[in-house]
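Single-letter residue listing:
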Amino acid sequence: MEQGTGVRTRLVHGGTLRSDFGETSEAIFLTSGFLYPSAEEAEARVAERTAGYQYSRIANPTVRMLEERFALLEGAEDCAAVATGMAAVHAALFAQLRAGDRVVASAPLFGACLWILTELLPRFGITTELVSAGDPEGWERALSRPAQLVLVETPANPTLELVDIAHLARLAQAAGARLVVDNAFATPYLQRPLARGADLTVYSATKLIDGQGRCLGGLIAGYSRFFGEVLRPYLRNTGPSLSPFNAWVLLKGLETLSIRIEAQQRTAQTLASWLEGHPRIVEVRYPGLPSHPQAELAERQMSGPGTMIAVRVGGGRARAFNVLDRLRVIKISNNLGDVRSLATHPATTTHAKVPPELRERFGISEDLIRISVGLEDAEDLIADLDRALGP
Ligand SMILES: Cc1ncc(COP(=O)(O)O)c(C=O)c1O
């Protein structure tokens, strides 16, 4: 049936599979398994001679609706939904890496991703080199030698540094590496890494895709050959499956993604400009400000600057804690992408396990606060920050 090709239309209708009841909203198939009409049919399905569901660790209709809708949004040939963003990052790496491989990754990187690279992969004989996200010469140097995988976050959590995806895709290809982009901060609504040459994108769907702080989820999008030969066998045998209920929540989240991002982004731009004029702010990082060191790249690579702001408030950890503790409307939380505005101190929460020398090297300073802008009135958020920052 013709479903329309516009992004907003796809976010509402894409991937919908209606049962014979003709339900309006997508059905939740909360079932662990599926029945076979005969032993012969069971054998045929398991052998993949006939199509049909077998077991929800392998595939489930509600989860499949989410995967198909997201693949349409991303412009990907396939998508796999998993239990969390970290399950997505973990599977994207472990499904394809082998002992002796070399990974090149951007920094800063979300704390748990850095842990996988620096603590877990070395146990299996896989090495990682970190390159500062916005350092083109650093990328050229690191990828002048063969590598098997490149992992980047852009915009980066929490400093909002950017990586030039198209440039990096060329370097990665020349080095023999697949490029994996963690696109959680932008979502495909604002940035399409696959269209710029990346091989895979990974997401914490927990963030803007749910958008209301309700459930965890992860998504991986890319090319069907990789999914069929490498990723799906890994997922079905290791089992980081998404609950059909959470898949349904995320489907509902996708329906409103466009209007939430547009509204939250508008407020983020207003807030970032106001913060930049505040006398007690040392630095504001927001890809929509001309003062962002990569403002031109943001304009070229993203269709909007997003909903996240990083600010340095000066005075180290004590001052940052003081500002956070005085906020009333904006809540302290290490989540992001919610309709509630949330603030976090990355050095002691999301990136607390990153060694201090790496935090310093990659700009996760003690006076840095990350703000995830929500749907509240901009005036209330400005008043809240004004009171918290003090005269
Ligand atoms: C950039 C990035 N990648 C991955 C993750 C992990 O996602 P999840 O918490 O859904 O496992 C996060 C979570 O904060 C994140 O910010």
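Conventions we followed
- Residues numbered from 1 in each chain as written.
- Predicted model: local features only at pLDDT ≥ 70, side-chain atom pairs only at ≥ 80, totals over all residues.
- Heavy atoms only, no water.
- Helix = DSSP H or I, 4+ residues; strand = E, 2+ residues; numbered from the N terminus.
- Rg over C-alpha atoms; globule rule 2.2 N^0.38 Å.
- Buried < 20%, exposed > 50% of the residue type's maximum accessible area, 1.4 Å probe, protein only.
- Contact = heavy atoms within 4.5 Å.
- Areas by Shrake-Rupley, 256 points an atom, 1.4 Å probe, with all protein chains shown as cover.
- Lys, Arg positive; Asp, Glu negative; His and termini not counted.
- Charge placed at Lys NZ, Arg CZ, Asp CG, Glu CD.
- Patch = residues over 30% accessible without salt bridge, like charges linked within 9 Å, V, L, I, M, F, W, Y side chains within 5 Å.
- Salt bridge = Lys/Arg side-chain N within 4 Å of Asp/Glu carboxyl O.
- Domains from an automatic or database assignment.
- Buried area = accessible area lost by both parts, 1.4 Å probe.
- Polar contact = N/O pair within 3.5 Å; in protein donor to acceptor, adjacent residues only side chain to side chain.
- Nonpolar A, V, L, I, M, F, W, Y, C, P; charged D, E, K, R; others polar.
- Axes fitted to C-alpha atoms, helices over the stretch in contact; angles between N-to-C directions.
- Left-handed = near helix turned anticlockwise from the far one by under 90°.
- Arc of directions from axis to C-beta.
- Pairing = 2+ DSSP bridges.

Colleague: Sorry if this is basic, but what is going on with the overall build of the protein chain here?
Modeller: Of the regular secondary structure elements, the protein chain holds 15 helices and 12 strands. The C-alpha atoms of the protein chain give 21 Å as radius of gyration, which agrees with the globular expectation for 391 residues (21 Å, within 12%). The buried share of the protein chain, reckoned over its 391 residues, is 55%. Partitioning the intrachain contacts of the protein chain with sequence separation of at least 6 by distance along the chain shows that 73% fall at a separation of at least 24. Surface exposure of the protein chain reaches about 16600 Å², of which carbon and sulfur atoms provide 53%. The distance from the centre of the 40 positive side-chain charges to the centre of the 44 negative ones in the protein chain is 3 Å.

Colleague: Sorry, what's going on with a nonpolar patch on the surface here?
Modeller: Side chains of Ile28, Leu30 and Phe245 sit close together on the surface and give an oily, nonpolar patch of about 280 Å² of accessible area. Tracing the backbone through its elements, the reader meets Ile28 in the loop between helix H1 (7–13) and helix H2 (39–46). The partly exposed category is assigned to Ile28, whose relative accessible area is 33%.

Colleague: Just checking my understanding: could you explain the domain arrangement of the protein chain for this structure?
Modeller: Reports of interface size often rely on the accessible area that becomes lost once the parts have come together. Annotation of the protein chain at the domain level lists domain 1 (7–255) and domain 2 (257–389). The partner domain 2 presents 41 residues to the 42 residues of domain 1 that form the contact. Both faces combined, the contact of domain 1 with domain 2 buries some 3400 Å², and carbon together with sulfur accounts for 61% of it. Contact with domain 2 buries area across many residues of domain 1, yet Leu162, Leu190 and Leu208 alone supply 20% of it, more than any other trio. Remark: the boundary between domain 1 and domain 2 carries 1 salt bridge. Counting across the interface, domain 1 meets domain 2 through 20 residue pairs in polar contact (both at pLDDT 80 or more). Only H1, helix H5 (111–120), strand S3 (127–132), helix H7 (165–175), helix H8 (187–190) and helix H10 (244–255) provide two or more residues apiece to the side of domain 1 that touches domain 2. Considering only residue class, the side of domain 1 that touches domain 2 consists of 22 nonpolar, 13 polar and 7 charged.

Colleague: I'm lost on the pattern of salt bridges in this one. Help?
Modeller: Pairing is possible between side chains that carry opposite charge, provided their charged atoms lie close to one another. Summed over the entire model, instances satisfying the criterion amount to 24 salt bridges. Across the salt bridge formed by Glu129 and Arg102, the nearest N and O atoms sit 2.6 Å from each other. Here the residue Glu129 occupies a position in strand S3, and Arg102 occupies one in strand S2 (residues 102–107), the gap between them amounting to 27 residues. A salt bridge links Glu296 to Arg300; the nearest nitrogen and oxygen atoms lie 2.8 Å apart. Remark: Arg300 and Glu296 occur in helix H12 (residues 295–301); sequence separation between them is 4 residues, near one turn of the helix. A relative accessible area of 52% places Glu296 in the exposed class. Linked through salt bridges whose partners overlap, the residues forming this network are Arg64, Glu67, Glu68, Asp78 and Arg232.

Colleague: What is the right way to look at the packing of helix H3 (residues 61–74) against H10 in this model?
Modeller: Each pair of packed helices can be described by the angle between their axes along with the distance between the axes. Running from N to C, H3 and H10 point in directions that differ by 30 degrees, and their axes come no closer than 8 Å. Seen from above, H3 lies across H10 with left-handed handedness. Here H3 contributes Thr62, Val63, Met65, Leu66, Arg69, Phe70 and Leu73 to the contact with H10, which in turn contributes Pro244, Ala247, Trp248, Leu250, Leu251, Leu254 and Glu255. Residue composition of the contact of H3 with H10, grouped by class: 11 nonpolar, 1 polar and 2 charged.

Colleague: What should I look at first to understand helix H13 (residues 316–326) in this one?
Modeller: Quick reminder: α-helices carry 3.6 residues per turn. Residues three or four places apart thus point the same way. Those residues of H13 not exposed but buried are Arg319, Ala320, Val323 and Leu324. Angular distribution of buried residues about the axis of H13 spans 135 degrees; they occupy a single face of the element. The outward face of H13, more than 90 degrees from its buried face, is lined by the exposed residues Ala318 and Asp325. Check the buried side of H13 and you find it contacts strand S10 (331–332), strand S11 (342–344), strand S12 (368–372) and helix H15 (378–389).

Colleague: Even after reading the chapter, I still don't get the sheet that holds S10, so can you show me in this structure?
Modeller: Where strands meet in a sheet, backbone hydrogen bonds hold them as pairs that are either parallel or antiparallel. The mixed open sheet is built from 5 strands, whose spatial order is S8-S9-S12-S11-S10. With one partner strand each, in any of the chains shown, strand S8 (283–285) and S10 form the two edges of the open sheet. Two elements, strand S9 (residues 308–312) and S12, share 5 bridges in a ladder whose sense is antiparallel. In the sheet register, Ala310 faces S12, and the bridge partner there is Arg370. Of the strands in this sheet, S8, S9 and S12 are in contact with helix H11 (residues 257–276), which crosses S9 at around 10 degrees. Against the sheet, H13 makes contact with S10, S11 and S12, and its axis sits at roughly 30 degrees relative to S12, the strand it touches most.

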